Amino acid sequence: MSYAKTSIAVGIVLAASVTVLRAQNVTVKITEWDVPTASSHPHDAEAARDGSLWWTGQRSNTLGRLDLKSGKMKEWTMKTPESGPHGLAEDNKGNIWYTGNLKSHLGKLNPATGEITEYPTPGANDPHSLIIDPKGIIWFTVQGGNKLGRLDPISGKVIVKESKTPASSPYGIVLDSKGEPWFCMFNSNKIGHINPATFEISEYNLPNTGARPRRLIIDAHDRVYYTDYARGYLGRLDPKTGKVDEWPSPAGRGSSPYGITADGQGNIWYSESGVTPNTMVRFNPKDMSFKTWPIPSGGGVLRHFVLSKDGKKIYFASSGKNKVGIVEILPGDERK
């Protein structure tokens, strides 16, 4: 591993654009901010414990932070040029971890000092998305290399394993209630699971051979919801029974569902990236109903959603619009 301090742009304040939208009897407030560096291509977002919004600037080789209390933004330039930061996650010490997608490493930024530590990922040329388990172990997907990886931050040891299915393109990754990783196999009709104690990989087949799960989220019952990007569906896998349920996305086959999360009430939120403007969609599992709101800026592809730690806001990054944003549900007259 290697260490360095990185250049930083401090204290930039950019105006927010606020839009209030109503779909049937639910009102949301969508707030969007331009990020400081032009053509940054914000890829993924993270909701930090202090409420700040972080993002990866994939094309500007930066990590960014928005302080929601002051409105100030900071950007940190990565040590390795053109590392292509992609996925990111905050650990329990406030460090921000990211995947150096184009330069075969994982990185850790200490925001307090600006120090960056890089961990090479031998055998994993394009680390994609990552998640941190309750023990602090970092699990990551390797899309083009068709692999899964494990990093122990204490020892710096990296272990990489091949996906069981050739050319399956491991993609989005999340944890269940037991701290076990689940991941999408985007170039197949499969969902994968990792036993963290043994690194054993299991696969679950989805019934439609044309399904292409891209991102996923786990609900309070450890059911796996996924966006079927190719077919325009929202799906749900119950690992306990193997049952799979599917619902057509409101905008249809070409809707290309992508980023997804679940709120504190058990509703599933995701974006349709194949329509203009992109949409924010809420699915209520209780009555299997959908509600849809347009993204005011157009979206430019919302690739990854995260829920704020208080469970009340959804954070996102708009790649094609050079923005980051937050969706907030406003109190209203929705009938339960």
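As a starting point, this report considers the structure included with it. Note that the structure is predicted; figures quoted are calculated from it, not measured.

When you go through the chain residue by residue, the secondary structure sums to zero helices and 31 strands. Principal-axis analysis of the C-alpha atoms places the extent of the chain at approximately 55 × 45 × 30 Å. By element, 49% of the accessible surface of the chain is carried by carbon and sulfur atoms, the whole surface being about 13,700 Å². Here the chain carries 41 positive and 33 negative side-chain charges, and the mean point of each set is 1 Å from the other.

Moving on, we get to the pattern of salt bridges. Going through the model one piece at a time under the given rule, you end up with 14 salt bridges. Between Lys190 and Glu203 there is a salt bridge whose closest N-O contact spans 3.2 Å. Of this pair, Lys190 sits in strand 19 (residues 190-195) while Glu203 is found in strand 20 (residues 200-205), placing the two residues 13 residues apart along the sequence. The class of Glu203 is partly exposed, set by a relative accessible area of 24%.

We now examine the nonpolar core. Residues Trp182, Ile191, Leu216, Tyr225, Leu234 and Ile268 are the most contacted members of the largest nonpolar core, which totals 25 residues. The residues touching Leu216, leaving out its near neighbours within four places in the chain, are Gly172, Ile173, Val174, Trp182, Phe183, Cys184, Ile191, Val224, Tyr225, Tyr226 and Ile260. In terms of nonpolar packing, the next biggest core, distinct from the first, is built from 14 residues, Leu21, Val28, Trp293 and Val327 among them.

As a further point, take the sheet that holds strand 20. Through backbone hydrogen bonds, the strands of a sheet pair up, either in parallel or in antiparallel fashion. Across the sheet, which stays open at both edges, the four strands sit in the order 17-18-19-20 with antiparallel pairing between neighbours. This sheet does not close on itself; its edge strands, each paired only once, are strand 17 (170-175) and strand 20. Between one strand axis and the next, the sheet turns by 25° as a mean value, whatever way the strands run.

Right, let's get into the environment of Leu63. With respect to the helices and strands, Leu63 occurs in strand 7 (residues 62-66). Each C-alpha atom, one on Leu63 and one on Trp76, is 5.2 Å from the other, the two residues being 13 residues apart in sequence. Setting aside its immediate chain neighbours within four residues, Leu63 contacts Trp54, Trp55, Thr56, Lys74, Glu75, Trp76, Met78, Pro85, Ile96, Tyr98 and Leu109.

For the rest of this paragraph, the subject is the packing of aromatic side chains. Per the stated rule, a full pass over the model turns up 13 aromatic pairs. A connected cluster of aromatic rings, assembled from ring pairs, spans Tyr171, Phe186, Tyr229 and Tyr258. The ring of Tyr229 carries the charged tip of Arg214 above its face, separated from the ring centre by 4.4 Å. Taking the ring centre of Tyr233 as reference, the NZ or CZ of Arg231 above it sits at 4.2 Å.

Ordered by their spatial adjacency, four strands build an open sheet running 21-22-23-24, and the pairing between neighbours is antiparallel. Edge positions in the sheet fall to strand 21 (213-218) and strand 24 (243-248), since each of these pairs with one other strand and no more. The mean angle between the axes of side-by-side strands here comes to 20°, regardless of whether they run parallel or antiparallel. As paired strands, strand 21 and strand 22 (residues 224-228) are joined by five bridges and run antiparallel to one another.

When strand 4 (residues 26-34) meets strand 31 (residues 323-330), the two strands line up antiparallel, connected through eight bridges. Across the sheet, residue Thr31 finds its bridge partner in strand 31, namely Ile326. Two elements, strand 30 (residues 313-318) and strand 31, share six bridges in a ladder whose sense is antiparallel. Bridge assignment links Lys313 to a residue of strand 31, and that residue is Glu328.

With respect to the element layout, His105 can be found in strand 11 (residues 105-109). A distance of 3.2 Å separates the side chain of His105 from the backbone oxygen of Lys103, its partner in a polar contact. With sequence-adjacent residues up to four places away left out, His105 is seen in contact with Thr80, Ser83, Tyr98, Thr99, Gly100, Glu118, Tyr119, Pro120, Thr121 and Pro127.

Our next topic: the pairing of strand 22. Across the five residues of strand 22, five count as buried, placing the element largely inside the fold. In this antiparallel pair of consecutive strands, strand 21 and strand 22, the connection spans five residues, and Asp222 shows a positive phi of 60°. As judged from the five bridges shared by strand 22 and strand 23 (residues 233-238), these two strands associate in the antiparallel manner. Following the sheet pairing, Val224 is matched in strand 23 by Leu237. Hairpin remark: strand 22 followed by strand 23, antiparallel, with four residues in the connecting loop; positive phi at Gly232, about 75°.

Reading guide: rules and limits
Residues numbered from 1 in each chain as written. Predicted model: local features only at pLDDT ≥ 70, side-chain atom pairs only at ≥ 80, totals over all residues. Heavy atoms only, no water. Helix = DSSP H or I, 4+ residues; strand = E, 2+ residues; numbered from the N terminus. Areas by Shrake-Rupley, 256 points an atom, 1.4 Å probe, with all protein chains shown as cover. Lys, Arg positive; Asp, Glu negative; His and termini not counted. Charge placed at Lys NZ, Arg CZ, Asp CG, Glu CD. Salt bridge = Lys/Arg side-chain N within 4 Å of Asp/Glu carboxyl O. Buried < 20%, exposed > 50% of the residue type's maximum accessible area, 1.4 Å probe, protein only. Core = buried A, V, L, I, M, F, W, Y, C linked by side-chain atoms within 4.5 Å. Contact = heavy atoms within 4.5 Å. Pairing = 2+ DSSP bridges. Axes fitted to C-alpha atoms, helices over the stretch in contact; angles between N-to-C directions. Phe/Tyr/Trp six-rings, centres within 6.5 Å; stacked < 30°, edge-to-face > 60°. Lys NZ or Arg CZ within 6 Å of the ring centre and 35° of its normal. Polar contact = N/O pair within 3.5 Å; in protein donor to acceptor, adjacent residues only side chain to side chain.

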